[in-house]
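The primary structure of each chain is shown beneath.
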Amino acid sequence: MSARYQVTGATAVEISASIESGIRSAALAPGAALPAVRALAAQLTVSPATVARAYQELRQRGLVVTAGRHGTRVRPRPPVAARRSALRPPPAPGLRDLSLGEPDPRLLPPLGAHLAGLAADAGPPVGYSAAGVLPELAEAARERLAADGVPAAELTLTGGALDGIERLLGAHLRPGDAVAVEDPGWANLLDLVAALGLRPIGVPVDDDGPLVEGVRAALAAGARALIVTSRAQNPTGAAVSAGRAEELRTLLAGRSDLLLIEDDHAAELARVPLHPLAGATPTWAFVRSVSKPFGPDLRLAVLVGDETTVARVAGRARVGAGWVSTVLQRLVLSLWRDPAVAGLVDRAAASYERRRGALVDALAGHGLAAHGRSGINVWLPVADETSALTALRDAGWAVAPGALYRIAGPPGLRITVSSLDDGEVAPLAAAAARAVRPAVSPGFTA
Ligand SMILES: Cc1ncc(COP(=O)(O)O)c(C=O)c1O
């Protein structure tokens, strides 16, 4: 633990508040080790049970993690930072930053004309009684989902995919319950699972989606929910194939004790067909976000599922945040209805596919087997993340450490290709090859 930070307090509440304050002020950095329970108890002259309660409370809120003999540490991205960007230090000046996982802003549809259209046709202000899901948006969403084979009789909206997933987990699970998540999987989802006090069980992934054996093992270990990324899996780019979907549907059939959640965040941008699992279990939800094709700032996702699940999410929202603003709904509808926007999304999808393919091929040319079947990321397995990350940084490239995305899976790096220019592919692949396999020093040749 930081030598500068003194934990204080005489009760579990005071001790956990003191540690939280240390994390907030960055005196306790991500990864910092907290003192052993007995040592802190002796220092504060309280009982070990009091310190253990404080640690337990921080663990349930995802601020710290306890890992066997490694003791208790501050989580890499504890949910107390003010902004998402505060979760990662800015890359050094001059570095080409491929660590962000953002769509290329140059490829998002411009909103100006659509906002002007809304302004011209605003109508009277919408009050509490008239608000909710706009029937015309629901109808358009159902059409789009039906075209992909997703049953969408029951439908509601959330503030993005992750908000939908949070609401689904909150409606069905309790702190301490186990959730099966892809490993490697989306870092923000792992952060959310920790912040909800849920226990992640990692399910290994290959290019065709979660491994059947991994899902089987997670079910046997008591998972109450399973979250599957349909396409553009983050960080590996996996997309659930027809064969894998079939196998998973068979495995999951009739599991009435499991909440099945599908995250189709890339949606229209994915360029690979959707093979949904929707309806394989009695309790299920399918969430499709507009973030990647139309823009992360739109904060809207369509959530469909079985009647009880959708009613729980919509009913809970009604006594809380209420609804997704109809202003936003009308903007999304306007984008969906514009054939020029569909053309731009198609162009963006083709561009991501080209960049991803080019980098995977260039890495293969150096003998490196990287993954990237769909989406905006390429996953490069490496033996040692820290040395590969450092060597790439020294060569001018910032990429994301696989540790943010892994539970027990093997190490790797995530390279976001969304903004990668053609001329950058070859030098990046060459730098990656040197970073992964550093040249042997002449002094050590046999
Ligand atoms: C796997 C996955 N799901 C969902 C999202 C987007 O979620 P949201 O709709 O909350 O913006 C992302 C964004 O990176 C993602 O990687």
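Everything discussed here concerns the structure shown above.
This structure is a prediction, so every number in the text was calculated from the model and none was measured.

Let's talk about empty space enclosed by the protein
Scanning all chains against the criterion turns up three cavities of 30 Å³ or more. Here the largest cavity defines a volume of roughly 100 Å³. For the largest cavity, the lining is made up of 16 residues, of which Ala232, Ala266, Leu269, Gly375 and Ile376 are closest to its centre. At four residues, the largest contribution of residues to the lining of the largest cavity is made by helix α13 (residues 339–365). Here the lining of the largest cavity is built from residues that sort into seven nonpolar, five polar and four charged. Volume-wise, the second largest cavity comes out at about 60 Å³. Per-element tally for the lining of the second largest cavity: the top contributor is helix α5 (residues 135–146), with three residues. Of the residues that constitute the lining of the second largest cavity, the class distribution is six nonpolar, no polar and three charged.

Overview of the pattern of salt bridges
Evaluation of the coordinates by the stated rule reveals 23 salt bridges. Here Arg75 and Asp191 are joined by a salt bridge, their closest N and O atoms 3.2 Å apart. In this pair, Arg75 sits in the loop between β2 (72–74) and β3 (96–97) while Asp191 sits in helix α7 (residues 187–195), placing the two residues 116 residues apart along the sequence. In this structure, Arg224 engages Asp177 in a salt bridge whose closest nitrogen and oxygen atoms are separated by 3.2 Å. On the criterion of sequence distance, the pair formed by Arg224 in strand β8 (residues 223–229) and Asp177 in the loop between α6 (161–172) and β5 (178–183) is long-range, its members being 47 residues apart.

With respect to the side chain of Ser291
Note that Ser291 resides in helix α10 (residues 291–294). Within the local environment of Ser291, its side chain forms a polar contact with the side chain of Arg299, the two groups lying 3.4 Å apart. Filtering out sequence-adjacent residues up to four positions away, Ser291 remains in contact with Pro103, Pro296 and Arg299.

Considering the pairing of strand β4 (residues 155–158)
Of the two faces of β4, both are covered, the one formed by Leu155 and Leu157 as well as the one formed by Thr156 and Thr158. When β4 meets strand β11 (residues 301–305), the two strands line up antiparallel, connected through four bridges. Each residue of the ladder has a partner; that of Thr156, found in β11, is Leu303.

So, the site of the ligand
Around the ligand, the surrounding shell consists of Gly160, Ala161, Leu162, Trp186, Asn234, Asp263, His265, Ser289, Ser291, Lys292 and Arg299. Here an oxygen atom of the ligand and a side-chain polar atom of Ser289 are 2.6 Å apart. Calculation on the ligand without its partners gives an accessible area of 400 Å², and the protein chains cover 91% of this total. When residues of the shell around the ligand are traced back to their parent elements, those giving at least two are α6 and α10. Split by residue class, the shell around the ligand holds three nonpolar, five polar and three charged.

Calculation rules
- Residues numbered from 1 in each chain as written.
- Predicted model: local features only at pLDDT ≥ 70, side-chain atom pairs only at ≥ 80, totals over all residues.
- Heavy atoms only, no water.
- 1 Å grid on protein atoms, 1.4 Å probe; cavity = no way out; pocket = protein on both sides within 12 Å on 5 of 7 lines; lining within 4 Å.
- Points joined across faces, edges and corners; volume = space filled by probe spheres on them.
- Helix = DSSP H or I, 4+ residues; strand = E, 2+ residues; numbered from the N terminus.
- Nonpolar A, V, L, I, M, F, W, Y, C, P; charged D, E, K, R; others polar.
- Salt bridge = Lys/Arg side-chain N within 4 Å of Asp/Glu carboxyl O.
- Polar contact = N/O pair within 3.5 Å; in protein donor to acceptor, adjacent residues only side chain to side chain.
- Contact = heavy atoms within 4.5 Å.
- Buried < 20%, exposed > 50% of the residue type's maximum accessible area, 1.4 Å probe, protein only.
- Pairing = 2+ DSSP bridges.
- Near = heavy atom within 4 Å.
- Areas by Shrake-Rupley, 256 points an atom, 1.4 Å probe, with all protein chains shown as cover.

These figures capture arrangement, not role.
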